[in-house]
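# What the coordinates show
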Amino acid sequence: MYQVRIYLIMARKYPARGKGYYGYRLETITKSGKLHVREHYDKEEDITANQLALVAMYRAFEELKKPCEVEVFTDSLYLRSNFVGNLQNWTLNAWLNAKGEQVANKELWRHLDEITKRHVVRFGTDYNYPARAAMTEKVLKMKMAEA
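Because the structure is a prediction, the values reported are computed rather than measured.

Reading the values: the criteria
- Residues numbered from 1 in each chain as written.
- Predicted model: local features only at pLDDT ≥ 70, side-chain atom pairs only at ≥ 80, totals over all residues.
- Heavy atoms only, no water.
- Helix = DSSP H or I, 4+ residues; strand = E, 2+ residues; numbered from the N terminus.
- Rg over C-alpha atoms; globule rule 2.2 N^0.38 Å.
- Contact = heavy atoms within 4.5 Å.
- Lys, Arg positive; Asp, Glu negative; His and termini not counted.
- Charge placed at Lys NZ, Arg CZ, Asp CG, Glu CD.
- Buried < 20%, exposed > 50% of the residue type's maximum accessible area, 1.4 Å probe, protein only.
- Salt bridge = Lys/Arg side-chain N within 4 Å of Asp/Glu carboxyl O.
- Polar contact = N/O pair within 3.5 Å; in protein donor to acceptor, adjacent residues only side chain to side chain.
- Pairing = 2+ DSSP bridges.
- Axes fitted to C-alpha atoms, helices over the stretch in contact; angles between N-to-C directions.
- Parallel < 35°, antiparallel > 145°, perpendicular 65-115°, else oblique.
- Nonpolar A, V, L, I, M, F, W, Y, C, P; charged D, E, K, R; others polar.

With that settled, the discussion passes to the overall build of the chain. Counting its regular elements, the chain contains 5 helices and 5 strands. Counted from the first residue to the last, the chain has its helices and strands arranged as β-β-β-α-β-α-α-α-β-α. Its C-alpha atoms give the chain a radius of gyration of 16 Å, within 12% of the compact-globule value 15 Å for 147 residues. Taking the principal axes of the C-alpha coordinates as reference, the chain spans close to 45 × 45 × 25 Å. Long-range pairs, those at least 24 residues apart, make up 69% of the contacts in the chain with a sequence separation of at least 6. Side chains of the chain carry 24 positive and 18 negative charges; the gap between the two charge centres is 2 Å.

Right, here's the structure in full:
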């Protein structure tokens with residue numbers, strides 16, 4: 001299995017819906033030990049911050065063509081805590097939360113669940129990774145260019 005690190009960065013103000021910007025950086029270590037890096041930056045219209053985090057992770061996983069061991073780095077507590085703590089229960093309980101209500105952002109969670117099934121996914125805890133400052137700058141420049 002390939003080893004991959006995914007770094008996510010998002011720029012969206014809470015709680016209102018609106019335009020959001022995101023970026024991801026994939027670092028893949030090849031079988032020969034060589035580091036391959038791919039970055040992508042984009043925007044979404046009419047989206048919340050939580051939805052933006054789900055979209056960013058989904059889009060990053062779309063790039064993985066084979067099963068991988070993936071370590072995800074994000075400052076989105078919503079994404080990290082629900083992926084680790086609730087996603088499996090939601091799939092077993094017909095996408096109902098502990099209160100018996102439909103899971104918020106159910107369709108995005110379903111897509112993310114489907115695309116991550118063939119991978120081993122864990123979340124890293126270092127949010128001050130080396131590329132964070134450069135990634136943040138790229139997302140903010142994209143945002144400012146449209147202001």
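Our focus in this paragraph is the side chain of R12. Mapped onto the fold, R12 is located in the loop between strand 1 (2-11) and strand 2 (18-29). For the buried R12, no salt bridge is present, and the opposite-charge side chain at shortest range is D46, 7.7 Å distant. Within the structure, the side chain of R12 is placed 3.1 Å from the backbone oxygen of K19, a separation counted as a polar contact. Excluding residues that lie within four positions of it along the chain, R12 makes contacts with R17, G18, K19, G20, I47, T48, A49 and L52.

Now for helix 4 (residues 106-116). Those residues of helix 4 that fall on the buried side of the exposure criterion are W109, L112, D113, I115 and T116. Packing partners of the buried residues in helix 4 comprise helix 1 (49-62), helix 2 (77-85), helix 3 (87-92) and strand 5 (120-123).

In this section: the sheet that holds strand 3 (residues 35-47). Sheet architecture is open: 5 strands sit in the order 3-2-1-4-5, paired in mixed fashion. Of all strands in the sheet, those with a lone pairing partner are strand 3 and strand 5, marking the two edges. With strand direction ignored, the average angle separating the axes of adjacent strands in the sheet is 20°. In the sheet, strand 1 pairs with strand 2 via 9 bridges, with the strands oriented antiparallel. Within strand 2, the residue paired with I6 across the bridge is L26. Contacting strand 1, strand 2, strand 3, strand 4 (68-73) and strand 5, helix 1 runs over the sheet at an angle of about 30° to strand 2. Strands in contact with helix 2 are strand 1 and strand 5; relative to strand 5, the strand with the most contacts, it is inclined by about 135°.

One can describe the packing of helix 1 onto helix 2 by two numbers: an axis separation of 9 Å at closest approach and a directional angle of 65°. Judged by the angle between their axes, helix 1 and helix 2 are roughly perpendicular. Listed contacts from helix 2 to N50, A53, L54 and M57 of helix 1 are Y78, L79 and F83. Taken together, the residues that form the contact of helix 1 with helix 2 break down as 6 nonpolar, 1 polar and no charged.

Structural measurements only, silent on function.
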